[in-house]
Every structure is written in C-alpha cells, then in structure tokens.
Amino acid sequence: MSVRDYVTLLRESWWIICTALVVGIALATGVTALMPSVYASNATFYVSTPTETDSASAYQGAQLSQGRLASYSELLTGGRVAADASAALGGNPSPGEVQASVTSEATEETVILSMTVTGSSPEEANRVANAVTASFLGLVTQLETPRGEGPQPPRVLTDVVLPPTTPTAPVSPRLTFNLPVGAVVGLIIGMGIAIVRRTLDVSITSADELEEALDVAVLGDIPADPETSLSPVASLEESSPLDRRTWLRAEAYRRIRTNFEFGNVDDTFRVVLVTSALAGEGKTTLALNLATALAATEKRVLFLEGDLRRPSATSLLGLEHSVGLTTVMTGAASLDLAIQSWKPGGIDVLAAGPRPPRPSELLASRKTGSILEELRQRYEIVIIDSPPLVPVTDAANLGAHTDGAIMVCRAGSTSRQELDQAAKLLRSGGIPIVGAVLSGVRVTPSTSRKMYEGQHEVSGMDESHRQLQLPGGPTAGPPAARPTPSPRPRTHGPRPPGAQVSGPAHAAPDPVIGTAGGAAADATGPAIGSVHRESASSRFVGMIDLAPRRTRRLPEPNGSHSERKVDQDVDLAEPEADGGTDRPADRRENERGDEADP
C-alpha cells in the first residue's frame, strides 16, 4: 500500500482506529487500577581487597574484587541468603517469597553490587532488605575468611555503601507507562482491523477505484444527502451557505453536466442511458438533475422514463404517468400528446405509461428504436432513466437504441463483481460507456468549507449591493414581474441546417443558477421546484446579458452560410463592420422574430 492508500484508509476507518485507541487506554487504566502496588527498597555494596604498598599487589586486588562480583550476585539471589533472612524474620515471609523478591546487578568494570528487594508495602520491603543484607554480609565474611590457626582477616571485604532505603512511592503499577502502552497497542489493533476490513471489502469506495474498475472517465461524484427525497432536483433549489448539502449536490450535478459536455463536443451522444448495476444507487435522481442542468444551458432536453417496471420520476415531478412510452408504442396516443412539459426544470418529459406484461421484449422491439430516433430528431439531448442492469435485461435492451450509457455506482455499496457484470452487459451489446458517476460520497469538512467560501460573496450581500449598477445610469432595482408568455406550438422534427436552436416550449431557465426564473413558474403550481424566490444571483442576469456579442456568418457543411452568435467582449463604442452596433435588445427582438417565423 502506498502513502495515499494509508491516508485513504485513515480517512475511511478513522472511527475504528479511534475506538480501538479508546478501548486500549481504558483497558490500560483498568489493569493499572486492579494491579497490586509494589514497593522497592534498594541497597549498594562495595567489594574490595586489603591493599598492599606496591602497585602490582593493588592491581591484583582490584582484579580479584571484580572477579568476585558475579559470584556475589548469585549468592545474593540464592537460596542460602533467602533462608537465613526468612529465619531472621521469623519465617514470614517464607524463603521462597524472599528469594523471589530479591534482584541484583553487578556493574561492569567496577566493584559495585546493587540489590533491590520488593514488597507489598514500604515497611515490608525495607524490613526484608535489611534481613537480606545482614544475611549476605555474614555469608560473604564466612566464605572469604581463611581457615587456620588463629583469627585471619578476610581476603575480600564487602562494605555497605547505601543501606536499604524506605520507598515512598510504588514502582508498580505505573500509570504513566501503562497508558502509552495501551494507546499504542490500541492503535496497532485498530489499524490491523481497518486493513483487514479494507482487504475484505470488495465495494467501490472512491472515484479512483471506479475509474480503474470501468476503465472510463468519472464525470463526478454526488455527496450523500439524507434529504434527497425531499428535494430530488437539487439544481432548482436556491440554497444558502448554511444549506450545505443541497448546495453541494447542486454543484455536483452542474459539474457532471460540464464534464459530460466536454466529452460530447461533437454531439456524439444525443440519446444517453443512465443506469446502474443494482437498484437504489441514485440513477433516477442523476438522470433528472442532469436533464435539468443541461436544459439550463438553453438546450432542448427530453427526459424519458425508461423504467417500465418501477417508474418513479413522474411521481417526483408531479406529472401524469398514465400516458407515456407504452401508450405511444401501442398506438393509443401520439408522441405529441404523450410528451409533457415540466416548466420548473425547463425540460420535456415522456413518462413510462402503463406497465406492460413483458417490458424487456417491448424495449428491445423496433418500435422503441423508431420512437427514440424520432426523439433524436426533435431534441438535442434525450436522457433516459432505466432499470438496473444486473437484476433484469431491460436496460441492456433499451441501451441498444442509444448512443451510450452513464453508469452510476453508490460508494460503499456496489461491489466490483456487480459493477464488472453490469459493464460486461453493456459492452457485449455494443453500448459504449460515456462515463461513470459515484453517488453517496461522504461530505468532508474541507468540502463544506470550500462550499461556504464559494457562496458567501453572493449570499452575504446586503440589499444595497444587490441592486444592479448600470454604467452612466441610475441604480436599477429588482426586475419587475413579467407576464407569462403564451406557449409556442411545439415544432418537432429535424432542424434545417443553420437554423437557430430555440428553447423548449416554456420559459427559459436561468443560465446562472439553473432555475426557471421569473415567468417560468407555472400558475397552477407544480409539485417540485415551483416556488422560486428572487435571489442575488438572478439579479445579476441583466448584467451578464449586457455583454455585447458579435454576429458572424459561418460556413455550413452544405456550403451555405448562417449567422451564429459568438461570445466575445467588445467595446460598446466600437462600430461593427456594417456600421452599427449589435445591441442586446435588438438581438433579442430578432431572435423572437426568428422563432415566430415558421
């Protein structure tokens, strides 16, 4: 594993590691509290030989003393000294207990011998240490005294440098030592559990894993939001900086739209299938939000409810679901009658219709292909919501009539095997995967902080700064309410070369915030996104429209020329080639005239 993998592991399994850390510290504290207190009494001995006048004899005496240290250490911890000390103490503690409590250490290249005696109390440790010291000195004197006629001095002398001390604090247990040990052990166990859990987890948890599994580009990820069912179309919500989840979801869908458009500059993908390996991965929500986000860029978009088994999109939008794709296929209704307009999102919707007895065979029929081909001629983008790939074959059969598919995968839910199976079903049918989207991604604090920094410039303005300042003119107040325009007749069919792309048969959505602003609200009040409040962003639309654009005649493939507007900042005082200026108001009037002209 690389450093990045370990960082990802820490971010995903931090709660396991923290839990193991807390458990380790708690166990260390409990063990420390249950352990009996142990006190230690220390004593130090100095071993020497009687010195002589010449240096050679002194050197030999020092070597003799150093050679005795190892033997004296064994005697100090041996049974003879323990038995004598226990007898001197009246048999309590026993010789075995005395021997177990005594430790000794001989310092190398010195003649110093240290002794440590432990006990359950300071008094007991000192009492046993004094008894052991007396017993040891008596035994050494007995062994080192030469045997012969008359009293002889011992060959080696042992003096007590530091008599047995009386301890004031226990040497065991040590809380300052046990707590770090417990913390380290807890961290090691927590990391081990996290590594094993990640090794056994075969689900997709990151965009990198999704891209590696499908070998396609990831268009974006969608943050997890438990309130998605309350506002499924997040791009229509005017969220504030405090409403971080809705704001993050709306920006995620706009990012997915932008990445999709970057990969579709040649209009290769006109009819796109949105599907997933299993149910409940967010494909319907993605299809709705992607359709509304594309419609916000003034494209003619149709949302097709291709899930004939469990349709849910029309219920979320508050539209009629009894007439739709199946009624058109059976001839009970025409395509013009079945298509509904959802004005808040700026899209047209074709519902699934009544459930047929065999949905898979119906979606694989030529009739479905002819309907999709007709929709391809009428709309710039057709977004299809489909059933999951693994449980049923509906999505694979429907995908055969499309230009490509977008695969949705829920983080931590979809396994690699299920995702690989779904991808094989698409590729075996010759359906290219346009891209992938990871849903249900956990929101990190850094993401929320970036969201707030990106929003406060608009939402934090007061009313005086929100008013539009026109160059050389008075302050413009909020735009007045405009009357709802009468709907234009739907003009389906292929557009002639060079024709201007007109918007859907309803009010144009706000290009800044992705909402149908002003008169786009339905008077009858649709179910979702029908209430639109005037925001600071929408008031700057007029400022954006003031930017003049050049009109150029560009060659068409058939050799003719058509006028196309090219975004380019120009000087208001600079005259055009034809001697005039292309003013926004005149341009909009010309566009209305072109759209009214059949």
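Residues numbered from 1 in each chain as written. Predicted model: local features only at pLDDT ≥ 70, side-chain atom pairs only at ≥ 80, totals over all residues. Heavy atoms only, no water.

**A word on the overall build of the protein chain**
Basically, it comes down to this: Numbered from the N terminus, helices here are DSSP runs of H or I no shorter than four residues, and strands are runs of E no shorter than two. Relative accessibility under 20% of the residue-type maximum defines a buried residue, over 50% an exposed one, and the middle range a partly exposed one, all with a 1.4 Å probe and only protein chains included. Two residues form a contact once any of their heavy atoms are found within 4.5 Å. Surface accessibility follows the Shrake-Rupley procedure with a 1.4 Å probe radius. Residue values consider only the protein chains on display as shielding.
In terms of helices and strands, the protein chain carries 21 helices and 16 strands. Counting across all 598 residues of the protein chain, residues that qualify as buried make up 39%. A separation of at least 24 residues holds for 76% of the contacts in the protein chain among residues at least 6 apart in sequence. By element, 55% of the accessible surface of the protein chain is carried by carbon and sulfur atoms, the whole surface being about 31,500 Å².

**Regarding the environment of Thr165**
Structurally, Thr165 is set in the loop between β4 (157-162) and α7 (175-200). Overall, the relative accessible area of 28% leaves Thr165 in the partly exposed class. The spatial distance from the C-alpha of Thr165 to the C-alpha of Pro122 is 9.1 Å, given a sequence separation of 43 residues. Contact partners of Thr165, with chain neighbours within four places excluded, come to Ser41, Asn42 and Asn126.

**Looking at the side chain of Thr32**
Note the cut-off: Under this definition, polar contacts are N or O atom pairs within 3.5 Å; protein pairs additionally need one hydrogen-donor-capable and one acceptor-capable atom, and for neighbouring residues in sequence, both atoms have to be side-chain atoms.
With respect to the helices, strands and loops of the structure, Thr32 is situated in helix α2 (residues 14-34). By relative accessible area, which is 11% here, Thr32 ends up buried. Separated by 2.9 Å, the side chains of Thr32 and Asn178 make a polar contact. Among residues more than four places away in sequence, those in contact with Thr32 are Pro173, Leu175 and Asn178.

**A look at unusual backbone geometry**
For the bond from Asn92 to Pro93, the omega torsion is 10 degrees, close enough to zero to count as cis. Tracing the sequence through the fold places Pro93 in the loop between α4 (79-88) and α5 (95-101). Phi at Asp215 takes a positive value of approximately 60 degrees, unusual for a residue other than glycine. Overall, the relative accessible area of 68% leaves Asp215 in the exposed class. With a phi close to 65 degrees, Glu298 is a non-glycine residue in the positive phi region. You can see Glu298 is positioned in the loop between α10 (283-295) and β7 (301-305).

**What to know about the sheet that holds strand β3 (residues 112-119)**
Inclusion rule: Between any two strands, pairing holds if DSSP finds at least two bridges. Lines fitted to C-alpha atoms define the axes, with helix axes restricted to the stretch in contact, and inter-axis angles between N-to-C directions lie between 0 and 180 degrees.
Taken in spatial order, the 4 strands of this open sheet run β2-β3-β1-β4, and their pairing is antiparallel. Of all strands in the sheet, those with a lone pairing partner are β2 (102-106) and β4, marking the two edges. The sheet shows a mean angle of 25 degrees between the axes of neighbouring strands, taken without regard to direction. The sheet contact formed by strand β1 (residues 39-48) and β3 spans 8 bridges and is antiparallel. Residue pairing in the sheet places Ala43 in a bridge with Met115 of β3.

**Let's talk about the nonpolar core**
Let me state the cut-off plainly: Put simply, buried Ala, Val, Leu, Ile, Met, Phe, Trp, Tyr and Cys residues joined by side-chain atoms within 4.5 Å make one nonpolar core.
The biggest cluster of nonpolar side chains holds 39 residues, and the ones touching the most others in it are Leu210, Leu214, Leu302, Leu325, Leu350, Leu375 and Ile384. No other element matches the 4 residues that helix α17 (residues 416-428) contributes to this core. Not counting chain neighbours up to four residues away, the residues in contact with Leu214 comprise Met407, Leu419, Ala423, Arg427 and Ala436. Judged by nonpolar contacts, the second largest core, of 32 residues, contains Leu219, Phe269, Leu286 and Trp342.

**Considerations on the packing of α2 against α7**
Filter applied, for reference: By the definition adopted for this analysis, an angle is roughly parallel if under 35 degrees, roughly antiparallel if over 145, roughly perpendicular if from 65 to 115, and oblique otherwise. A crossing counts as left-handed when the near helix is turned anticlockwise from the far one by less than a right angle, and as right-handed when that turn is clockwise. Asp, Glu, Lys and Arg are counted as charged, while Ala, Val, Leu, Ile, Met, Phe, Trp, Tyr, Cys and Pro are counted as nonpolar; the rest, among them Gly, fall into the polar class.
Following both chains from N to C, one finds α2 and α7 inclined at 150 degrees, their axes separated by 7 Å at the closest point. With respect to α7, the element α2 is oriented roughly antiparallel. For the crossing formed where α2 meets α7, the hand is right-handed. Of the residues in α7, those in contact with Trp15, Ile16, Ile17, Ala20, Leu21, Gly24, Ile25, Ala28, Thr29 and Thr32 of α2 are Leu175, Asn178, Leu179, Gly182, Ala183, Gly186, Leu187, Gly190, Met191, Ile193 and Arg197. When the residues that make up the contact of α2 with α7 are grouped by side-chain class, the tally is 13 nonpolar, 7 polar and 1 charged.

**Comments concerning the environment of Ala252**
By the element assignment, Ala252 lies in helix α9 (residues 244-262). Separated by 31 residues in the primary sequence, Ala252 and Asp221 have C-alpha atoms spaced 6.5 Å apart. Among residues more than four places away in sequence, those in contact with Ala252 are Asp221, Ile222 and Pro223.

**Section: the pattern of salt bridges**
Put simply, the test is: Think of a salt bridge as a Lys or Arg side-chain nitrogen and an Asp or Glu carboxyl oxygen that are within 4 Å of each other.
Under the counting rule described, the total for this entry stands at 11 salt bridges. With a closest N to O distance of 3.5 Å, Glu209 and Arg416 form a salt bridge. Residue Glu209 is located in helix α8 (residues 207-214), and its partner Arg416 is located in helix α17; the two are separated by 207 residues in the primary sequence. Overall, the relative accessible area of 11% leaves Glu209 in the buried class. Residue classification places Arg416 among the partly exposed positions, given a relative accessible area of 33%. Arg254 is paired through a salt bridge with Glu251; the nearest N and O atoms lie 2.8 Å apart. With Arg254 and Glu251 both in helix α9 and 3 residues apart, this pair spans about one turn of that helix. Each of Asp336, Glu374 and Arg378 takes part in a single network of salt bridges with overlapping partners.

**As for the pairing of β7**
Within β7, 5 of the 5 residues are buried, which leaves the element mostly enclosed by the surrounding structure. Of the two faces of β7, the one holding Val301, Phe303 and Glu305 and the one holding Leu302 and Leu304 are both buried throughout. As judged from the 5 bridges shared by β7 and strand β10 (residues 381-385), these two strands associate in the parallel manner. If you follow Phe303 over to β10, its bridge partner there is Ile383. As judged from the 3 bridges shared by β7 and strand β9 (residues 347-350), these two strands associate in the parallel manner. Across the sheet, the residue bridging to Leu302 is Asp348, located in β9.

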